[in-house]
Amino acid sequence: MPSGDSAVDMACWDLWTKMRGVPLAEAIGGTRTSLMATVRLSPDSSVEGLVTRVNQQICAGYGHVTLDVRPGWDVEPVRAVRQAYPALTLAVDCGNAYTDLDQLVALDSYGLEVIERPFATTDVHSHASLQDQVAASVAVEVASPAELDDYLTLRAARVLLLRPAAFPSLSEARRAHDRAAAAGWDIQCTGGQGAGLARAATVAVASLPGCTLPCDVTQPPRQNQIVTPVVGANGGVIAVPLTQSGLGHEIDEDRLRRMTKESFHA
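Peer 1: Where do I start with the environment of Gly 21 in this structure?
Peer 2: Mapping Gly 21 onto the fold places it in the loop between α1 (4–20) and α2 (24–27). Taking the C-alpha atoms as reference points, Gly 21 and Gln 244, 223 residues apart in sequence, are found 7.8 Å from one another.

Peer 1: What exactly am I supposed to notice about the environment of Ala 136 here?
Peer 2: For Ala 136, the location among the structural elements is in the loop between α6 (124–133) and β6 (137–140). Considered as a pair, Ala 136 and Glu 116 are 20 residues apart in the sequence and their alpha carbons are 9.8 Å apart. When residues no more than four places from it in sequence are discounted, the contact partners of Ala 136 are Asp 108, Leu 112, Glu 113, Val 114, Ile 115, Gln 131 and Arg 158.

Peer 1: Just checking my understanding: could you explain the layout of surface pockets for this structure?
Peer 2: Sizing a probe to match a water molecule and rolling it over the atoms shows the empty space that remains. As a volume, the second largest pocket reaches approximately 230 Å³. Taken together, 16 residues line the second largest pocket, and the ones lying closest to its centre are Pro 229, Val 230, Ala 239, Pro 241 and His 249. Contributing elements (two or more residues each) for the lining of the second largest pocket: α9 (197–206) and β10 (237–239). When residues of the lining of the second largest pocket are assigned to their parent elements, the largest contribution, three residues, is made by β10. For the lining of the second largest pocket, the residue count by class is 10 nonpolar, five polar and one charged.

Peer 1: Explanation requested: the packing of helix α7 (residues 145–154) against helix α8 (residues 170–182) in the structure shown.
Peer 2: The axes of two packed helices give the description: the angle between them and the distance between them. In the contact formed by α7 and α8, the axes pass within 9 Å of each other and the chain directions differ by 15°. With respect to α8, the axis of α7 lies roughly parallel. The two elements α7 and α8 cross, and the hand of that crossing is right-handed. When α7 is examined against α8, the residues Pro 145, Ala 146, Leu 148, Asp 149 and Leu 152 are found in contact with a partner set consisting of Glu 172, Arg 175, Ala 176, Arg 179 and Ala 180. Classifying every residue of the contact of α7 with α8 by side-chain character gives six nonpolar, no polar and four charged.

Analysis parameters
Counting restarts for each chain: residues are numbered from 1 in the order of the written sequence. Only residues with pLDDT of at least 70 get local features here, since the model is predicted, and only at 80 or more are side-chain atom pairs given and counted; chain-wide, interface and lining totals rely on the full set of residues. Calculation of side-chain values draws on the structure's entire complement of heavy atoms; hydrogens and water are dropped beforehand. Only DSSP runs of H or I covering at least 4 residues are called helices, and only runs of E covering at least 2 are called strands; the numbering of each starts at the N terminus. Here, two residues are considered to be in contact whenever any of their heavy atoms come within 4.5 Å of each other. Here a cavity is any set of points on a 1 Å grid over the protein atoms alone where a 1.4 Å probe fits but cannot get out, and a pocket is any open set with protein on both sides within 12 Å along at least 5 of 7 lines; a residue lines the site when it has an atom within 4 Å of a point. Grid points are joined across faces, edges and corners, and a volume is the space filled by probe spheres set on the points. We call Asp, Glu, Lys and Arg charged. Ala, Val, Leu, Ile, Met, Phe, Trp, Tyr, Cys and Pro are nonpolar, and the rest, Gly among them, are polar. Between N-to-C directions, angles cover 0 to 180 degrees, with each direction set by a line fitted to C-alpha atoms, over the stretch in contact for helices. Any angle that is under 35 degrees is reported as roughly parallel, and any over 145 degrees as roughly antiparallel; angles of 65 to 115 degrees are reported as roughly perpendicular and all others as oblique. Helix crossings get a hand from a simple test, with the near helix turned counterclockwise from the far one by less than a right angle marking a left-handed crossing and a clockwise turn marking a right-handed one.

Just distances and angles here, no functional claims.
Here it is as structure tokens:
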């Protein structure tokens, strides 16, 4: 979910762009009409079950898969997926859960494109050490351009994991995008949480020219969203709504009422 400041800012952008009859993606400088998508898969009860789920997503049209890994669930599942699908573009999300490099360096031998969020965000030096030792690009998630500057100075990563809802405003998210792109970094937009509005803003930001990696808006399930049309991928591709003004999505008031447990009228 977006923070309070971020949610208000997104609502203001939506209103401002609707008043002017322009899509949000266009207003912030987006240039893409469609986006490649990644699908994120959480740990499974078995390695075999995970491989089956990967197969289902490939059959659904995804050519890029991100596996959530943690200490104790990392090398074995990644090895199994790579052996089953040698040509699959594969990334891992470590959830800031690691404290040493050994397992992460071992993962790199399986042809990963990106190793996301390996260490605590404040541990810039460990990120730099890892990036020096692996061929995969290390991806970091920050909440301000100032945090990003620390990584840029030490060349501690090569990918910005850009979550617009984590920034106080879309303007700040755009500034982070601009700094990362100017440094030659790749950028992946992510925003799978929430009921749809933050996901729609994520798609708009992902249409910016520096967002070179597949976008992640695959969670939660579509039935949890309160917007219409729902935000998500079809056949591994996400459409950028450029024929509607604002976010390009409206609140589904009937669904919202059905999901509401309590309400009041002023």
